[in-house]
Amino acid sequence: MAQLTSSDHVYLIDGSGFIFRAYHVLPPLTRKSDGLPVGAVMGFCNMLFRLLEETKAGDQPTHLAVIFDYSSRSFRNDLYSEYKAHRPPPPEDLVPQFPIMREAVRAFNVPCIEMEGFEADDIIATYTVEAQRAGARVTIVSNDKDLMQVVDGTTEMLDTMKNKRLGLDAVAEKFGVGPERVIDVQALAGDSVDNVPGVPGIGIKTAAQLIQEYGTLEALLERAEEIKQPKRRQSLIDHAEDARISKQLVTLRTDVPVENAVGDFQVEEPRAAELIGFLKGMEFNTLTKRIAERLGFEDVASIDAAVVAREGGVMPADEAPGTPGAAGTPGTGASEARGQPGAIAKLDQVKAPIDPSTYDTVLKLEDLRPWIEAAYTAGHLVIDTETTGLDAAQARLVGVSLSVHPGAACYIPLAHGRNGELGLEEAPQQAPLEGVIEALKPVLEDPAVLKIGQNLKYDFLILSRYGIDLHPIDDTMLLSYVIEGGGHGHGMDDLAERHLGHTCIAFKDIAGTGKAQKTFDQIDIDTATRYAAEDADVTGRLWHLLKPALVEKAGCTVYETLDRPMVGIVAGMEQEGVKIDTDVLSRMSHDFAQGMARLEAEAHEQAGEAFNLGSPKQVSEILFGKMGLPGGKKTKTGAWSTNADVLETLAAEGHELPKTLLGWRQISKLKSTYTDALPEFINPETGRVHTSYALAATTTGRLSSSDPNLQNIPIRTEEGRRIRTAFIAEKGNVLVSADYSQIELRVLADMADIPALKQAFADGLDIHAMTASEMFGVPIEGMDPMVRRRAKAINFGIIYGISAFGLANQLSIPQREAADYIKAYFDRFPQIKDYMDRTKTFGKENGYVETLFGRRCTVAEIKSKVPARRAFAERQAINAPIQGTAADIIRRAMIRLPKALGEAGLAGKMLLQVHDELVFETPKAEAKALSGVVKTVMETAAEPARALAVPLVVEANAGANWDEAH
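Please read these numbers as outputs of a predicted model, since none were measured by experiment. (Residues numbered from 1 in each chain as written. Predicted model: local features only at pLDDT ≥ 70, side-chain atom pairs only at ≥ 80, totals over all residues. Heavy atoms only, no water.)

Here we come to the packing of aromatic side chains. Throughout the structure, instances matching the rule amount to 14 aromatic pairs. Here the aromatic rings of phenylalanine 520 and tyrosine 531 are separated by 5.7 Å at their centres, their planes lie at 45 degrees, and the arrangement is tilted. Of this pair, phenylalanine 520 sits in the loop between α21 (507-511) and α22 (525-552) while tyrosine 531 sits in helix α22, and the two are 11 residues apart along the sequence. Since its relative accessible area comes to 1%, phenylalanine 520 is described here as buried. (Phe/Tyr/Trp six-rings, centres within 6.5 Å; stacked < 30°, edge-to-face > 60°. Helix = DSSP H or I, 4+ residues; strand = E, 2+ residues; numbered from the N terminus. Buried < 20%, exposed > 50% of the residue type's maximum accessible area, 1.4 Å probe, protein only.)

Attention shifts here to the pattern of salt bridges. Taken as a whole, this structure holds 45 salt bridges when the rule is applied. Arginine 76 is paired through a salt bridge with glutamate 119; the nearest N and O atoms lie 3.2 Å apart. One end of the pair, arginine 76, is in helix α3 (residues 75-79); the other, glutamate 119, is in the loop between β3 (112-113) and α5 (120-133), with 43 residues separating them in the sequence. Judged on exposure class, the residue arginine 76 and its partner glutamate 119 are both buried. Across the pair glutamate 445 and lysine 441 runs a salt bridge, and its minimum N-O distance is 2.8 Å. On the criterion of helical spacing, the pair formed by glutamate 445 and lysine 441 is a turn pair, its members being four residues apart in helix α17 (residues 433-445). Since its relative accessible area comes to 22%, glutamate 445 is described here as partly exposed. Assessed through its relative accessible area of 31%, lysine 441 is described here as partly exposed. (Salt bridge = Lys/Arg side-chain N within 4 Å of Asp/Glu carboxyl O.)

It is worth spelling out the pairing of strand β10 (residues 408-413) at this point. Within β10, five of the six residues are buried, which leaves the element mostly enclosed by the surrounding structure. Of the pairings in the sheet, the one linking strand β7 (residues 360-361) to β10 comprises two bridges and is parallel in character. Among the inter-strand pairings, aspartate 360 is bridged to a residue of β10, identified as cysteine 410. Direction of pairing for strand β9 (residues 397-405) relative to β10: antiparallel, over a ladder of six bridges. Looking at the pairing, histidine 405 lines up with alanine 408 of β10. Hairpin remark: β9 followed by β10, antiparallel, with two residues in the connecting loop; positive phi at glycine 407, about 90 degrees. (Pairing = 2+ DSSP bridges.)

One finds Leu402, Tyr740, Ile889 and Phe920 to be the most contacted residues of the largest nonpolar core, which totals 179 residues. Looking at this core, the element that brings in the most residues is helix α37 (residues 867-903), giving 10 residues. When neighbours within four sequence positions are excluded, tyrosine 740 is seen to be in contact with Ile889, Ile890, Ala893, Asp916, Met938, Glu939, Ala941, Leu952, Val953 and Val954. Ile113, Leu166, Ile202 and Ile227 belong to the second-largest nonpolar core, a separate cluster that totals 50 residues. (Core = buried A, V, L, I, M, F, W, Y, C linked by side-chain atoms within 4.5 Å. Contact = heavy atoms within 4.5 Å.)

Another point: the pairing of strand β8 (residues 380-387). The buried count for β8 comes to eight of eight residues, which makes it a mostly enclosed element. On β8, burial covers both faces: His380, Val382, Asp384 and Glu386 on one face and Leu381, Ile383, Thr385 and Thr387 on the other are all buried. Relative to strand β11 (residues 450-453), β8 runs parallel, the two sharing three bridges. Looking at the pairing, histidine 380 lines up with leucine 450 of β11. For β8 and β9, the ladder comprises six bridges, and the chain directions are antiparallel. Paired with isoleucine 383 across the bridge in β9 is leucine 402.

If you walk across this open sheet you meet the four strands as β20-β21-β17-β22, and the pairing is antiparallel. Two strands in the sheet have a free side with no partner beyond their single neighbour: β20 (909-914) and β22 (954-959). With strand direction ignored, the average angle separating the axes of adjacent strands in the sheet is 20 degrees. Sheet topology note: the strand β17 (residues 733-740)/β22 ladder contains six bridges and is antiparallel. From the neighbouring strand, leucine 735 faces β22, where its bridge partner is glycine 959. Along the sheet, helix α38 (residues 927-939) contacts β17, β21 (917-923) and β22; its crossing angle with β17, the most-contacted strand, is approximately 20 degrees. (Axes fitted to C-alpha atoms, helices over the stretch in contact; angles between N-to-C directions.)

With their axes 4 Å apart at the nearest point, helix α35 (residues 815-828) and helix α36 (residues 830-846) run at an angle of 95 degrees to one another. With respect to each other, α35 and α36 are oriented roughly perpendicular. When α35 is examined against α36, the residues Tyr825, Phe826, Asp827 and Arg828 are found in contact with a partner set consisting of Pro830, Ile832, Lys833 and Met836. Per-class residue counts for the contact of α35 with α36 are five nonpolar, no polar and three charged. (Parallel < 35°, antiparallel > 145°, perpendicular 65-115°, else oblique. Nonpolar A, V, L, I, M, F, W, Y, C, P; charged D, E, K, R; others polar.)

Another aspect to go through is the sheet that holds β9. Sheet architecture is open: six strands sit in the order β7-β10-β9-β8-β11-β12, paired in mixed fashion. The open sheet has two edge strands, β7 and β12 (473-475), and neither has a second partner. Lying on the sheet, helix α19 (residues 476-484) is in contact with β11 and β12; it crosses β12 at an angle near 55 degrees.

We now examine the packing of helix α33 (residues 785-799) against helix α34 (residues 804-811). Closest axis-to-axis distance for the α33/α34 pair is 11 Å, and the angle between their directions is 140 degrees. Pair α33 / α34 crosses with right-handed handedness. Residue-level inspection shows Arg789, Arg790, Ala793 and Ile794 of α33 in contact with α34, the latter providing Leu807, Gln810 and Leu811. The class makeup of the residues in the contact of α33 with α34 is four nonpolar, one polar and two charged. (Left-handed = near helix turned anticlockwise from the far one by under 90°.)

Moving on: helix α24 (residues 566-576). Looking only at α24, the buried set comprises Met566, Val567, Ile569, Val570, Ala571, Met573 and Glu574. Looking at the residues trailing α24, positive phi occurs at glycine 577, about 65 degrees.

Since the α-helix turns once every 3.6 residues, residues separated by three or four places project in the same direction. Where burial is concerned, most of helix α32 (residues 767-776) is hidden: seven out of the 10 residues are buried. Listed in full, the buried residues belonging to α32 are Ile767, His768, Ala769, Met770, Thr771, Ala772 and Met775. Packed against the buried residues of α32 are α30 (743-751), α31 (755-763), α33 and α35. The N-cap residue of α32 is aspartate 766: its side-chain oxygen and the backbone nitrogen of histidine 768 are 3.1 Å apart. Downstream of α32 by a residue or two, glycine 777 has a phi angle that is positive, lying close to 65 degrees. (Polar contact = N/O pair within 3.5 Å; in protein donor to acceptor, adjacent residues only side chain to side chain.)

A few words now on the environment of glutamate 817. Mapped onto the elements, glutamate 817 comes out in helix α35. Taking the relative accessible area as the measure of exposure, glutamate 817 reaches 27% and is therefore partly exposed. Sequence separation of glutamate 817 and leucine 295 is 522 residues, and the distance between their C-alpha atoms is 81 Å.

This next bit is on the environment of lysine 792. In this fold, lysine 792 is placed in helix α33. Linking lysine 792 and histidine 768, residues 24 residues apart in sequence, is a C-alpha distance of 5.1 Å.

This next bit is on the state of the cysteines. Considering all chains together, one arrives at zero disulfides under this definition. Looking at the unpaired cysteine 410, the closest cysteine sulfur is the one in cysteine 504, lying at 17 Å. (Disulfide = S-S within 2.5 Å.)

Assignment of secondary structure puts aspartate 8 in the segment before β1 (9-14). One buried charge, aspartate 8, has no salt-bridge partner; the nearest side chain with opposite charge is arginine 137, at 10 Å. Only 3.4 Å separates the side chain of aspartate 8 from the side chain of threonine 62, close enough to count as a polar contact. Dropping the residues within four chain positions of it, aspartate 8 is found in contact with Gln3, Thr62, His63, Ala136 and Arg137. (Lys, Arg positive; Asp, Glu negative; His and termini not counted.)

Written out as structure tokens, the structure is:
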């Protein structure tokens, strides 16, 4: 058994931490030969290789080991059965990768340590104390705060995500005390992630103050009666035993009966054949080549020989071609972990001033190759496309910008001035479009190179038209969206100002505005380079900041499972588009015009004079001037308001003219927004309408659509439903509409834990009739439809925090009666009021609320001193977790559906998403089969991440047009 000395340096790697970081850094990847999930293994190997190479170039360890958790259970579960009880199970595709990562560690010739009954942290603490006793230095490769209790003058932690070493100062900054008192602070504060109870109402800051004052946890608990604050004093008294059990849970064992001494972990070079054989077997081709070069392999034949040796061939491992270390020390890029932010760029590099003079213009194919090679070496590439317009379905590619490192970016012009009508007399020399596409296609499709961009859906669509399937990807817009929700905008200009303190070149500054605005192919190449390369450089810098922040704020699961996969899904829907019948729209336009004329005549008769129904000024003069109707409100300009709320209030009070005006406005909007405008959106190449979906525009995770907006077509009026009849299937096909039934009420029943509603949904009852029966004491059978309508209005209104005033307007009843209904509702279902109060409190404390899947929805003004703003934010806080959970569920369904349809051998395609509804086009003969697959996927979409306490129900129907299918 080897002994340590004071000259030794021990590296202890938290393997379990590495696993989850690796899993969340990369999108799901599978081995081509058998479909085995290997994305986390690839990320893990990259991270381990980078660490080994960087330590050789710098502070070299003499001893090194990787330590894993043996399982999810440890001795702590015997101490406290609820320990880590709330942690979700690991992702399904990660489970089979656990043993492979152990194999990877052994392939790198590094000791792989785990022990039943103990967590990795306990083993690391045991080895750390052993090394400390020998006077050796220790570096714990982890960012796990629990390990800070073993930091001392010779022991520090290394956070590879931030490339930052954490010593005594970091411990004091994190916990407000030294390492010797970290356990006491943690015991008081508890840990919601691990379900360590702690003492309610005491966080890290307060715990540190108390321990500084009283010295130890036990001393504090013994003298709890001395605490002046009554609430804190009582909490300490009531939860003293919780604090004591918490201390046992957070205290790391330093006496684990390990089999090997830390002195046995001497650093050794990898056994070349073993490592290369493992990587080759995993089909990590790019990483295999990189490490093979490092280990001295010269060609493919020698790599294949290593595989033979590993599988029992004749070549001994110690005779493999190339002796260890023969390749020399690679550059920084060669050791970069694929997709691992911060591995190349330090924080000062990321935030360094942006200098456009450093950007390159690539005019020849041979000048593009170094950028591609750099991408393979780094394992990631920032990409941005420049085009002739915003419509990805019709815009032409003008150029491409790339970046690999902060400050280094290039622009590849492809089509500047090539159209004689665009204003440039001669086309400057540029690389050939076909040649550039051919050169970029392999790296843009290589699963070993992460592609990074801002709003990559657009670039995905553009590049797909040139035969490029862009993957895997990271999107800075979506990273920001998950981290900050609705707290601010997520456009690149906003993010650059916020995170880099940099103002980007505005497009209008180089292209002008209005009718004189140039398209990008009319911009001179030098100017285009400054603008386009800056976009790529800024995007790369943002990625280096936002990806680590995603991990810190626990947003990885939302990003990986709900947002990043949606880029390709939504892009595919936009590419498909939907067919519309222009003849149907034309007839509707004519009918709507006649209807407007009829309502206009009625309005003139009701007003006693002719006036322009489209003029707010004239309408207000008639309503509040001539007719003297009550309740008029003036805007900031001094004019009377005639918005929908004002007219609806007046109509509810029985005034005829406001009711007529509302009808006229509704038909006018349908005519101008849809029947007149939709034909203008038809793509001349496809003959279909291609709406654009925004992935990061709402607070709750809902998608929004534009150009045209198909999510605002009203479906509760006959005129609105008529619009849907114009959306049709191609000949021989039908449309299938699949719609969640009352999904938000079902989510509410689950989140608020309402037994009566949960049982009603489980029994398949009419939920509105059941609610009316519960509230008003009337039988469901033979119920007056008006009573059911009132219950329905309350059911849906409660989700949006409806007020008595709002309910009164909706039901045309006195406000006092509406208030009585709401009170009766809360009396019958008190869990809803509890949910509301609990959610508002959480929102006020955190500035956000969460969906069941962990998406954070910002409620910025919930502490506003302006009552109206605060009340609005409180209603947002109540609704956002419900609406957001519904949005997350339909995202989960959308992500699974293309694969499910493909596996079922069905040709149908997903075309549209409208709130809780998905629309497909399919051959008529496959409509029933497609409906069955879609219904199954949508109804099980929440699983396995979150099994709802109520069943999800989907209604799926087929028809020749959208209205018929709905």
